[in-house]
Amino acid sequence: MTMRYVLAAICAAVLILSTLTVSAPRAAAVQEHDPEIATALNTINLYRSWLGIPPLTTDPGLQKASENHVEYYRLNFGDPSLAGMGLHEETAGRPGFTGASFQDRARSAGYTGSVNENAGVSGSMIWSVDWFIATVGHRLTLLDPRYVDVGMAAINSGNIKFEIIMLGAPAWRTELEPTWIAWPPHESTGVSLSFSGEAPNPFPGASYPVGYPIHLKYFGPGSLELTSATISKNGVNVPSFSEIGAGWLSRQTVLLCSSAPLEAGMTYSVRIEGRANGQSFVKTWSFTTRVNSNERLALGGQTELPPPSYPLPAGLAHAHPSVKQLWNDTDGAVAALAVERSWLWGPDTWLGLQETSLESPGGVRDVYYFDKARMEVNASDGNDDTLITAGLLVRDMIVGRIQIGEHEYQEYHPANVPLAGDEREFNPDSPTYASLQHIASVEQGRAVAQRSGQPISETLSKDGAIASNESLASWARYASYEPTLGHNIADVFDAYLATLPGDWRMSVGLPLSEPYWVHTYVAGDATWVLVQAFERRILTFTPTNRPEWRVEMGNVGRHYYAWRYRDEPPDIP
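Worth saying up front: this structure is predicted, and the values here are computed from it rather than measured.

Visitor: Could you clarify how one ought to interpret the overall build of the protein chain in this entry?
Guide: Along the protein chain, the regular secondary structure elements total 11 helices and 31 strands. Computed over its C-alpha atoms, the radius of gyration of the protein chain comes to 27 Å, within 12% of the 25 Å expected for a compact globule of 573 residues. Considering only contacts within the protein chain whose residues lie at least 6 apart along the sequence, 63% involve residues at least 24 apart. Roughly 24400 Å² of accessible area belongs to the protein chain as shown, and the carbon and sulfur atoms make up 52% of that amount. Each charge class in the protein chain can be summarised by its mean position, and for the 40 positive and 61 negative side chains these summaries are 4 Å apart.

Put into structure tokens, the structure is as follows:
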């Protein structure tokens, strides 16, 4: 059985793993848990797993250094020195300067090991990784087993497109296992056809384009000597050239290319002979080129690493398999302390039951309540797929109705439940879901103008009145503008949503309101919290929290259950 996670209405096309259309993009480095960066790192680690070398893991110092360098690039965009090898350099006195070289920048961020770096200007970290792996120097950097630490950051804002991967080795060694690394791997498929150079250029005398570069790296003792290197197709050698590299990482490496691009959908055999540490060697292997540009590099049919599996808490142990999988893919890493961010769903489901759903078999469907939301298990669409949706709970609590079918509702009353902070008993004057009844886009005609870049100072009171408090304006700004319902998204929420795995709109929905500051009590202390209502979630930003917990999902699942059933939600099992 397969799963599909769906959102009822997605009205705009998006690029690779991008978020909502951004009219004035957030000018900041993409963080390590951005879905595209996570996918790119997963791809690199897949390739490393094929070679039997350790995966790269994010190092805080390298992550900070990579983000700093992306910010330097943004601040100095247009400087002619930021091209070619100059992409790796910074100039003292320029805005955002943290170190002249990548080693200096890593030191300033607290990383003390040996450092190397790849830079791209494609606008996509995924595309850049694909390009890196089809080169020589950039590939050797990503696939060197001595590098085990990494930091990755990117920006794609108008004409400003920049990706940086910083790799670190805690200790540098010249001899290590495995002794030999060959690329592309034996019996791999989907191999690209050609190579048109890179900076620095590994083949200064070549007439580009040439064939996809092949390499054989030696990590053993002594020196490497090359006797012969051939590429053949159907038993016939193709014209080629070979050498032992002279670069920092291409030393002790045989480099082999066909003189012209390879043919699509063909199997090629490689034979390299020489001497290593005075001993003769012969290495042979084969690979198959891709049929078209959409075919991914694969080994044994594997094109991506399976997501990690985390231990399930007690409540989820008895949940529907698709619910387990979705929680594992999104919040499992939070529970395992593998990432530091707030919960998307919650630490566990505390109740599973059946609720009315007129289109479902028998008129009911299974639902699972979490602190932050409700997962709904929908009937198969005939393709053996299980559709998991997140309920439109925020919309229903604002309007005052309970959805029981695709177009059917039970009339109820708006939820007089605080949007953020302590329960109403201890927080009687805090704005509630009902406070948004005449403001939120739960009916037509409530769109607002785009305000991208302006500071957020608007406050919301319990009676729904909007005022302004300029003392709060320094904490957040309006960032992207979502045109479907016509609302601005706060920059702090844009940044958080970009870190979530998968398509966050499935679980969050479209914004129903502008972001507003509300005065509320949190654990008995009065404080200002920025809140924004989305169809499925309330997002909150509490400046006094630790940085990784300043943005959180509101307890919508608990709020909705208490409102609908007029009962306190049960505790997590």
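Visitor: It is not clear to me how the sheet that holds strand β5 (residues 160–169) should be interpreted in this structure. Could you clarify?
Guide: In a beta sheet, neighbouring strands pair by backbone hydrogen bonds and run either parallel or antiparallel. Strands sit in the order β2-β4-β5-β3 across an open sheet of 4 strands; the sheet is mixed. Looking at the sheet topology across the chains shown, the edges are occupied by β2 (57–58) and β3 (114–120). Alignment of β3 against β5, held across 7 bridges, turns out to be antiparallel. From the neighbouring strand, Ala119 faces β5, where its bridge partner is Ile164. In the packing of helix α2 (residues 60–75) onto the sheet, contacts are made with β2, β3, β4 (149–157) and β5, and the angle to β5 comes to roughly 155°. Lying on the sheet, helix α4 (residues 125–133) is in contact with β3, β4 and β5; it crosses β5 at an angle near 60°.

Visitor: Could you clarify how one ought to interpret the side chain of Ser188 in this entry?
Guide: Structurally, the position occupied by Ser188 is in strand β7 (residues 188–191). Classification of Ser188 as buried rests on a relative accessible area of 0%. A polar side-chain atom of Ser188 sits 2.7 Å from the main-chain carbonyl oxygen of Pro185. Each residue touching Ser188, except ones within four places of it in the same chain, is listed here: Ser286, Phe287, Thr288, Ala298 and Leu299.

Visitor: Just checking my understanding: could you explain α4 for this structure?
Guide: Side chains that are three or four residues apart share a direction in an α-helix, a result of its 3.6 residues per turn. Here α4 has its buried residues at Met125, Ile126, Ser128, Val129, Phe132 and Ile133. One side of α4 holds all its buried residues, which, seen down the axis, span an arc of 160°. In this structure, the buried side of α4 is in contact with α1 (35–50), β3, α5 (137–142), β4, β5 and β6 (180–183). The N-capping residue of α4, defined by a side-chain oxygen 3.3 Å from the backbone nitrogen of Ile126, is Ser124.

Visitor: Teacher, can you tell me more about the packing of aromatic side chains here?
Guide: The relation between two aromatic rings is expressed through the spacing of the ring centres and the mutual angle of the planes. By the definition in use, this model includes 24 aromatic pairs. Pairing Tyr47 with Trp50 gives two aromatic rings, centres 5.2 Å apart and planes at 50°, and the pair type is tilted. On the criterion of helical spacing, the pair formed by Tyr47 and Trp50 is a turn pair, its members being 3 residues apart in helix α1. Taking the relative accessible area as the measure of exposure, Trp50 reaches 13% and is therefore buried. An angle of 70° between the planes, with centres 5.9 Å apart, marks the rings of Trp131 and Phe132 as edge-to-face. Residue Phe132 is classed as buried on the basis of its relative accessible area of 1%.

Visitor: Could you clarify how one ought to interpret the packing of α1 against α4 in this entry?
Guide: How two helices sit against one another is set out by the angle between their axes and by the gap between those axes. It is at 8 Å that the axes of α1 and α4 come closest, and there the two elements cross at 25°. The orientation of α1 with respect to α4, classified from their angle, is roughly parallel. Judged by residue contacts, Glu36, Ile37, Thr39, Ala40, Thr43, Ile44 and Tyr47 of α1 engage Met125, Ile126, Val129, Asp130 and Ile133 from α4. Across the contact of α1 with α4, the residue classes break down as 8 nonpolar, 2 polar and 2 charged.

Visitor: Help me understand the pattern of salt bridges, please; the structure alone is not making it clear to me.
Guide: Side chains that carry opposite charge are capable of pairing whenever their charged atoms lie near each other. Under the counting rule described, the total for this entry stands at 20 salt bridges. Of the charged contacts in the structure, one is a salt bridge between Asp79 and Arg94, with a shortest N-O distance of 2.2 Å. In this pair, Asp79 is assigned in the loop between α2 and α3 (102–108) and Arg94 in the loop between α2 and α3, connecting sequence segments 15 residues apart. A relative accessible area of 35% places Arg94 in the partly exposed class. Connected through shared salt-bridge partners, Glu355, Arg365, Arg374, Glu376 and Arg564 make up one network.

Visitor: How do you make sense of the pairing of strand β15 (residues 267–276) when you look at a structure like this?
Guide: The alternating pattern of β15 places Tyr268, Val270, Ile272, Gly274 and Ala276 on a buried face and Thr267, Ser269, Arg271, Glu273 and Arg275 on a face that is not buried. As paired elements, strand β11 (residues 224–233) and β15 share 9 bridges and run antiparallel to each other. Along β15, the bridge assignment pairs Leu224 with Ala276. Once β15 ends, the chain turns through 2 residues before running back antiparallel as strand β16 (residues 279–289), passing Asn277 with a positive phi of about 55°.

Visitor: So what exactly am I meant to see when it comes to the side chain of Glu482 here?
Guide: Examined against the element boundaries, Glu482 turns out to sit in strand β26 (residues 478–482). Summary of buried charges: Glu482 has no salt-bridge partner, and the nearest side chain of opposite charge, Arg505, is 7.3 Å away. Within the structure, Glu482 has its side chain in polar contact with the backbone nitrogen of Leu485 (distance 3.3 Å).

Visitor: Teacher, can you tell me more about the pairing of β6 here?
Guide: Where a strand is regular, its side chains alternate between the two sheet faces. A one-sided burial pattern is seen for β6, the buried positions being Ile181 and Trp183 and the unburied ones Trp180 and Ala182. The pairing of β6 with strand β10 (residues 214–218) spans 4 bridges and is antiparallel. In the sheet register, Trp183 faces β10, and the bridge partner there is His215.

So, how was this worked out
Residues numbered from 1 in each chain as written. Predicted model: local features only at pLDDT ≥ 70, side-chain atom pairs only at ≥ 80, totals over all residues. Heavy atoms only, no water. Helix = DSSP H or I, 4+ residues; strand = E, 2+ residues; numbered from the N terminus. Rg over C-alpha atoms; globule rule 2.2 N^0.38 Å. Contact = heavy atoms within 4.5 Å. Areas by Shrake-Rupley, 256 points an atom, 1.4 Å probe, with all protein chains shown as cover. Lys, Arg positive; Asp, Glu negative; His and termini not counted. Charge placed at Lys NZ, Arg CZ, Asp CG, Glu CD. Pairing = 2+ DSSP bridges. Axes fitted to C-alpha atoms, helices over the stretch in contact; angles between N-to-C directions. Buried < 20%, exposed > 50% of the residue type's maximum accessible area, 1.4 Å probe, protein only. Polar contact = N/O pair within 3.5 Å; in protein donor to acceptor, adjacent residues only side chain to side chain. Arc of directions from axis to C-beta. Phe/Tyr/Trp six-rings, centres within 6.5 Å; stacked < 30°, edge-to-face > 60°. Parallel < 35°, antiparallel > 145°, perpendicular 65-115°, else oblique. Nonpolar A, V, L, I, M, F, W, Y, C, P; charged D, E, K, R; others polar. Salt bridge = Lys/Arg side-chain N within 4 Å of Asp/Glu carboxyl O.

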